[in-house]
Amino acid sequence: MSILIKNGRILTASEDYHADIYVEGETIHSIGKNLNVSANRVIDATGKVIFPGGIDPHVHLDMPFMGTYSSDNYETGTRAALHGGTTMVIDFVLQTQGKSLHHALESWQGRSNGNCYGDYSFHMAVTDFNENTRQEISQMIEEEGITSFKTFMAYKGALMIDDGQMVDLMQEVKKRGGMVTVHATNGDMIDKLIARHRAEGKLSPLYHYLSQPEVTEAEASGRFGDMANYTGVPAYIVHMTCEGALNAVRRATTRNQKIFVETCIQYLILDASLYQKNPEGAKWVMSPPLREKKDQAALWAGLNQGLVQVVGTDHCPFMWEQKMMGAVDFSKIPNGHPAIENRMELLWSEGVRTGKISANKYVEVTSANAAKIFGMYPKKGCIAPGSDADLVIFDPEEAHTISAATHHMNVDYSAYEGWEVQGKCKTVLLRGQVAVDEGNVLIHKGYGEFVKRGKAGLVI
Ligand code: URP
Ligand code: ZN
Ligand code: ZN
């Protein structure tokens, strides 16, 4: 199979030019002006922008969490991602405390194998670091191609590890050439605030927000950075929301430390005023919570200052009925919101079109940097001969409105209902196949492959 994409505006993390792209098999064969080749299919991309397929390095599909499962499975979640221009996701395997990493991996493989439309990989969440787990770290890296290890400083009793385990894990991961990532919030402090609010009968979604003040994230981000600096492990903070946490990373640069930072689309464009709505505010109950306008400004600036390298989603959808498990108690609302399909179009519309970030920065933070940080570059996140032909042909002029009535995620509301978006993913290629064309899915379930990742590329 060969495809010739003619006369598009090609965007990478560093370039912006007009040319043709010739795709042969799964990869990009050549790029040039007026390519004179015959192909099985020719796509006219005049007036369109072409960028690398999005990589969302933070999603939770079919995840057991807070007494239920996230409502998108690997089939519906990766298919919805493709509609929105995301060709690859990195999901999280969660170790059960008292059990091995391999036990958890088998369970996640059981739900994902053969079910994905898009390409995918896993981070391994270590929730119980002990001598057995220690042995498994190198096996994950060398045999499974899982090179990043997620930790939680919150969700005590289920996912949280203490600082002693954190330092032990960091030393082992450093030795083996991996990376430690973190949900950085002060779990003990949050649990205390939740208990106090519940005891006082303060049970609406607003108290989810008030139980996780900025200081809980800022403190934990600084502490995590200190432990990473002490151990020398490559470090990455997921879903950063606020100025205080970003300043902890900024301070770490003064001792020449590099901590990678991911924010998520919702923290750039939504704010905590949504928690005033009851019960509707449950739609945005996620951890950490949405913050203030001043935090949005800090995160946009952080992208341009190179302090924030990645924009993901933390896609973790629940049906409204599931959200209503916490109808009378915010602490029982399953945490998470749907965005896997919306990230690329929202960030273009709210970021590039408004001039907050450049088109090259857009590619950096939606694909190229994740590919580099998580050991997949230049296979992914790149438009160059030899790279996987994961391409989005995007119409920057087409306006549309986000709605649960038209989205493809398996969730019965949209966190962005009624948002006017300018720019639409028209045609999406995944490894040389047209995966989505004008809203129609043209590949089959199981086309998506597990991507074994290399050791992290530390210079981006
Ligand atoms: O609210 C969230 N973020 N749910 C998913 C789990 C996590 O902490 O990332
Ligand atoms: Zn988290
Ligand atoms: Zn998450």
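So, a few notes on the structure that sits alongside this text. (Residues numbered from 1 in each chain as written. Chains lettered and ligands numbered in written order. Predicted model: local features only at pLDDT ≥ 70, side-chain atom pairs only at ≥ 80, totals over all residues. Heavy atoms only, no water.)

### A few points about helix 12 (residues 343–352)
Thinking step 1. Judged by how many residues are buried, helix 12 sits mostly within the fold: ten of ten residues are covered.
Thinking step 2. Of all the residues in helix 12, the buried ones are Arg343, Met344, Glu345, Leu346, Leu347, Trp348, Ser349, Glu350, Gly351 and Val352. (Buried < 20%, exposed > 50% of the residue type's maximum accessible area, 1.4 Å probe, protein only. Helix = DSSP H or I, 4+ residues; strand = E, 2+ residues; numbered from the N terminus.)

### Structural notes on the coordination of the zinc ion (ligand 2)
For a metal with four tetrahedral donors the ideal donor-metal-donor angle is 109.5 degrees, whereas six octahedral donors ideally subtend 90 or 180 degrees.
Thinking step 1. Note on the zinc ion (ligand 2): its protein donors are His183 (ND1) and His239 (NE2). The metal-donor distances range over 2.1 Å.
Thinking step 2. If you look at the zinc ion (ligand 2), its four donor atoms make angles of 57 to 151° with each other, and the shape they trace is irregular.
Thinking step 3. The distance between the zinc ion (ligand 2) and the zinc ion (ligand 3) is 3.8 Å. Taken together, the residues span a long stretch of sequence, with histidine 183 in strand 12 (residues 179–183) and histidine 239 in strand 13 (residues 235–240) at a distance of 56 residues. Pair check on accessibility: histidine 183 and histidine 239 agree, each one buried. (Donors = N, O, S within 2.8 Å, 3.2 Å for Na, K, Ca; no water. Tetrahedral: all angles 85-135°; square planar, octahedral: opposite > 155°, others 65-115°.)

### Quick notes on the pattern of salt bridges
Thinking step 1. Taken as a whole and judged by the stated rule, the model has 35 salt bridges.
Thinking step 2. One salt bridge in this structure joins lysine 6 and aspartate 20, with 2.9 Å as the shortest N-O distance. Taken together, the residues span a long stretch of sequence, with lysine 6 in strand 1 (residues 2–11) and aspartate 20 in strand 2 (residues 16–24) at a distance of 14 residues.
Thinking step 3. Within the structure, one salt-bridge network assembled from shared partners comprises Glu26, Asp119, Lys379, Lys380, Asp388, Asp390, Arg431 and Glu449. (Salt bridge = Lys/Arg side-chain N within 4 Å of Asp/Glu carboxyl O.)

### Notes on the side chain of threonine 127
Thinking step 1. Checked against the element boundaries, threonine 127 lands in the loop between strand 10 (119–125) and helix 3 (131–144).
Thinking step 2. Take threonine 127: its relative accessible area is 1%, and that puts it in the buried class.
Thinking step 3. Separated by 2.7 Å, the side chain of threonine 127 and the backbone oxygen of glutamine 95 make a polar contact.
Thinking step 4. Beyond its immediate stretch of four places on either side in the chain, threonine 127 contacts Gln95, Thr96, Gln97, Ala158, Leu159, Met160 and Ile161. (Polar contact = N/O pair within 3.5 Å; in protein donor to acceptor, adjacent residues only side chain to side chain. Contact = heavy atoms within 4.5 Å.)

### Looking at the coordination of the zinc ion (ligand 3)
Thinking step 1. The protein atoms that coordinate the zinc ion (ligand 3) are His58 (NE2), His60 (NE2) and Asp314 (OD), at distances of 1.9 to 2.2 Å.
Thinking step 2. For the zinc ion (ligand 3), the four donor atoms in the first shell make angles of 85 to 135° at the metal, so the coordination geometry reads as irregular.

### Quick word on the site of ligand 1
Thinking step 1. Taken together, His58, His60, Phe65, Tyr155, His183, His239, Met286, Ser287, Asp314, Cys316, Asn335 and Gly336 make up all the residues around ligand 1.
Thinking step 2. The contact in question runs from an oxygen atom of ligand 1 to an N or O atom on the side chain of histidine 60, over 3.2 Å.
Thinking step 3. Surface burial for ligand 1 is 99%, taken as the share of its 260 Å² of free accessible area covered by protein chains.
Thinking step 4. Judged by the proximity of its atoms to the pocket grid, ligand 1 belongs to the largest cavity.
Thinking step 5. Tallied by class, residues from the shell around ligand 1 come to four nonpolar, seven polar and one charged. (Near = heavy atom within 4 Å. Areas by Shrake-Rupley, 256 points an atom, 1.4 Å probe, with all protein chains shown as cover. 1 Å grid on protein atoms, 1.4 Å probe; cavity = no way out; pocket = protein on both sides within 12 Å on 5 of 7 lines; lining within 4 Å. Sits in = over half its atoms within 2 Å of the grid points. Nonpolar A, V, L, I, M, F, W, Y, C, P; charged D, E, K, R; others polar.)

### Focus on helix 4 (residues 163–176)
Residues that lie three or four places apart on an α-helix share one face, since the helix turns once every 3.6 residues.
Thinking step 1. Between its first and last C-alpha, helix 4 extends 20 Å over 14 residues, near the 20 Å set by a 1.5 Å rise per residue.
Thinking step 2. On its buried side, helix 4 packs onto helix 3, strand 11 (148–152), strand 12 and helix 7 (214–231).
Thinking step 3. Directly after helix 4, the chain includes glycine 177, whose backbone phi takes a positive value near 90°. (Expected span 1.5 Å × (residues − 1).)

### Section: the side chain of arginine 291
Thinking step 1. Mapped onto the elements of the fold, arginine 291 is located in the loop between helix 9 (265–269) and helix 10 (293–304).
Thinking step 2. Engagement of the side chain of arginine 291 in a polar contact is seen with the side chain of threonine 241, the distance being 2.8 Å.
Thinking step 3. Contact partners of arginine 291, with chain neighbours within four places excluded, come to Gln212, Pro213, Glu214, Glu217, Thr241, Cys242, Asp271 and Ala272.

### Some thoughts on empty space enclosed by the protein
Thinking step 1. Scanning all chains against the criterion turns up one cavity of 30 Å³ or more.
Thinking step 2. As for the largest cavity, its lining consists of 17 residues, and the residues nearest its centre are His60, Phe65, Tyr155, Ser287 and Asp314.
Thinking step 3. Tallied by class, residues from the lining of the largest cavity come to eight nonpolar, seven polar and two charged. (Points joined across faces, edges and corners; volume = space filled by probe spheres on them.)

### Quick look at the sheet that holds strand 14 (residues 259–264)
Thinking step 1. Spatially, the eight strands line up as an open sheet ordered 6-9-10-11-12-13-14-15, and their pairing is parallel. The two strands at the open ends of the sheet, each matched to only one other strand, are strand 6 (54–59) and strand 15 (310–312). Strand-to-strand twist across the sheet, computed as the mean angle between neighbouring axes with direction ignored, equals 30°.
Thinking step 2. Its contacts with the sheet place helix 13 (residues 359–373) against strand 6, strand 12, strand 13, strand 14 and strand 15, and it is angled at close to 70° to strand 6. (Pairing = 2+ DSSP bridges. Axes fitted to C-alpha atoms, helices over the stretch in contact; angles between N-to-C directions.)

### Describing the packing of helix 4 against helix 7
Thinking step 1. In the contact formed by helix 4 and helix 7, the axes pass within 9 Å of each other and the chain directions differ by 40°. In terms of orientation, helix 4 lies oblique with respect to helix 7. Crossing handedness for the pair helix 4 and helix 7: right-handed. In this structure, helix 4 contributes Asp163, Met166, Val167, Met170, Gln171 and Lys174 to the contact, and helix 7 contributes Arg223, Phe224, Met227, Ala228, Tyr230 and Thr231.
Thinking step 2. Here the contact of helix 4 with helix 7 is built from residues that sort into seven nonpolar, two polar and three charged. (Parallel < 35°, antiparallel > 145°, perpendicular 65-115°, else oblique. Left-handed = near helix turned anticlockwise from the far one by under 90°.)

### With respect to the packing of aromatic side chains
Thinking step 1. Throughout the structure, instances matching the rule amount to 15 aromatic pairs.
Thinking step 2. A centroid spacing of 5.5 Å and a plane angle of 70° characterise the contact between tyrosine 120 and phenylalanine 450, whose relative ring orientation is edge-to-face. On the criterion of sequence distance, the pair formed by tyrosine 120 in strand 10 and phenylalanine 450 in the segment after strand 19 (440–441) is long-range, its members being 330 residues apart.
Thinking step 3. Classification of tyrosine 120 by relative accessible area gives buried; the value is 4%.
Thinking step 4. A ring pair is formed by tryptophan 348 and tyrosine 362, whose centres lie 5.2 Å apart and whose planes are at 90°; its orientation type is edge-to-face. Of this pair, tryptophan 348 sits in helix 12 while tyrosine 362 sits in helix 13, and the two are 14 residues apart along the sequence. Like tyrosine 362, tryptophan 348 is buried. (Phe/Tyr/Trp six-rings, centres within 6.5 Å; stacked < 30°, edge-to-face > 60°.)

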